[in-house]
Amino acid sequence: MLLTGKNALVFGAGGYLGQSIAKRFEQEGATVFSSSRRARADQPTLAVVDATDENAVDAYIDQIADETGSIDIVVNMSGVEPGRYSHGKPASDVTLKQFLAPLSVDTAAQFITAKSAFRHMAKQESGVIILNTSTLAKVGAPWAPALTASHAATEGLMRSLAHEYGPAGIRVLGVRSEAMPDSPTIDYTFKTMGANMGMSFAEMKDFIEQNKTALKKLPTAKDTAAVFAFAASDMATFMAGTMLNNSAGHIVD
């Protein structure tokens, strides 16, 4: 198992991908601490932590560090529901408030949890912080101004923190994935964007697979969670300041 003996914090674990990552980390032997911005009846074990609240995040991470003795892995999957920023609609229909929503939640939460974890990781001279983005950070996709800007900003943040935190023995890197059709976010996205192109969900999925990816297929949440587990493990010891390209060949590095 890749993560035996590791204490892993997964923020935003109430979401579909967050749940998948937490489950995979557990399968790989990690002790996982999962949290969500709101309580969920279907996941009663989730801690309630607003990842955009600096004081709440500090208190939560401090408590876990006191209980376990180390903070080894931090992943933040917190995000705004796509309907709140009119994802899949023309930029002309997106208000400034909507445009800033993913930046003020998704990207901001990544920054807050990373710098909070740094306080403990620097003392132990080890740790892994993994940021999450999508192919929108690199490709020119229409009808996605808010999330495109947010994911590009998150990748810039990753590069900055990697060089700042690296000397302390902390690896900062990220996973950039192609759309996962089994996730609620992509279900919404394909239906909304598909409407702009006169396509159904199935037609939109097929269009992306056949015209955008080299492998002619899209990853599932389980596939992406496996990449997170690899990134967090000692097998990736010298990977820092980089985005693991889980795009099925949509982006060719």
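Remember, predicted model here, so these are calculated numbers, not experimental data.

So what exactly am I meant to see when it comes to the pairing of strand S4 (residues 73-76) here?
Side chains of S4 alternate between two faces, with Ile73 and Val75 and Val74 and Asn76 buried alike. Sheet analysis places strand S1 (residues 7-11) next to S4, joined by 4 bridges and oriented parallel. From the neighbouring strand, Phe11 faces S4, where its bridge partner is Asn76. Each parallel crossover has a hand, and the one from S4 via helix H3 (residues 96-124) to strand S5 (residues 127-134) is right-handed.

Please clarify how the environment of Asp66 should be interpreted in this entry.
Among the secondary structure elements, Asp66 is positioned in helix H2 (residues 54-68). The spatial distance from the C-alpha of Asp66 to the C-alpha of Ala168 is 20 Å, given a sequence separation of 102 residues.

I keep staring at the packing of aromatic side chains and nothing clicks. Help me out?
Given two aromatic rings, their pairing is described by the distance between the two centres and the angle made by the two planes. Applying the stated criterion to the full structure yields 3 aromatic pairs. Ring geometry for Phe11 versus Tyr60: centroids 5.7 Å apart, planes at 75°, classification edge-to-face. Here Phe11, found in strand S1, pairs with Tyr60, found in helix H2; they are 49 residues apart in sequence, far enough to count as distant. Of the two residues examined, Phe11 and Tyr60, each falls in the buried class. Between Phe190 and Phe201, the aromatic rings sit 5.6 Å apart at their centres with planes inclined by 50°, giving tilted as the arrangement.

Just checking my understanding: could you explain the pairing of S5 for this structure?
Two faces make up the sheet, and in a regular strand the side chains alternate between them. With respect to burial, S5 is a largely interior element, 8 of its 8 residues being buried. The alternating pattern of S5 places Gly127, Ile129, Leu131 and Thr133 and Val128, Ile130, Asn132 and Ser134 on opposite faces, both of which are buried. The sheet contact formed by S4 and S5 spans 3 bridges and is parallel. Of the residues in S5, the one forming a bridge with Val74 is Ile129. When S5 meets strand S6 (residues 170-177), the two strands line up parallel, connected through 8 bridges.

Parameters and conventions
Numbers given to residues run from 1 along each chain, matching the order in which its sequence is written. Residue-level local features of this predicted model are given only where pLDDT is at least 70; pairs of side-chain atoms are given and counted only at 80 or more, and the full residue set underlies all totals for whole chains, interfaces and linings. With hydrogens and water stripped out, all remaining heavy atoms of the structure feed into the side-chain values. Exposure categories follow from relative accessible area, calculated using a 1.4 Å probe and restricted to protein chains: below 20% of the type maximum is buried, above 50% is exposed, and the middle band is partly exposed. Secondary structure counts use DSSP, requiring at least four H or I residues in a row for a helix and at least two E residues in a row for a strand, with both numbered from the N terminus. A pair of strands counts as paired when DSSP detects no fewer than two bridges linking them. Orient the strands so they point away from the viewer; a crossover is then right-handed if the path from the first strand over the helix to the second runs clockwise. Paired rings are identified among Phe, Tyr and Trp, the last through its six-membered ring, by centres lying within 6.5 Å, and are further divided according to the angle between planes into stacked (under 30 degrees), edge-to-face (over 60) and tilted (the rest).

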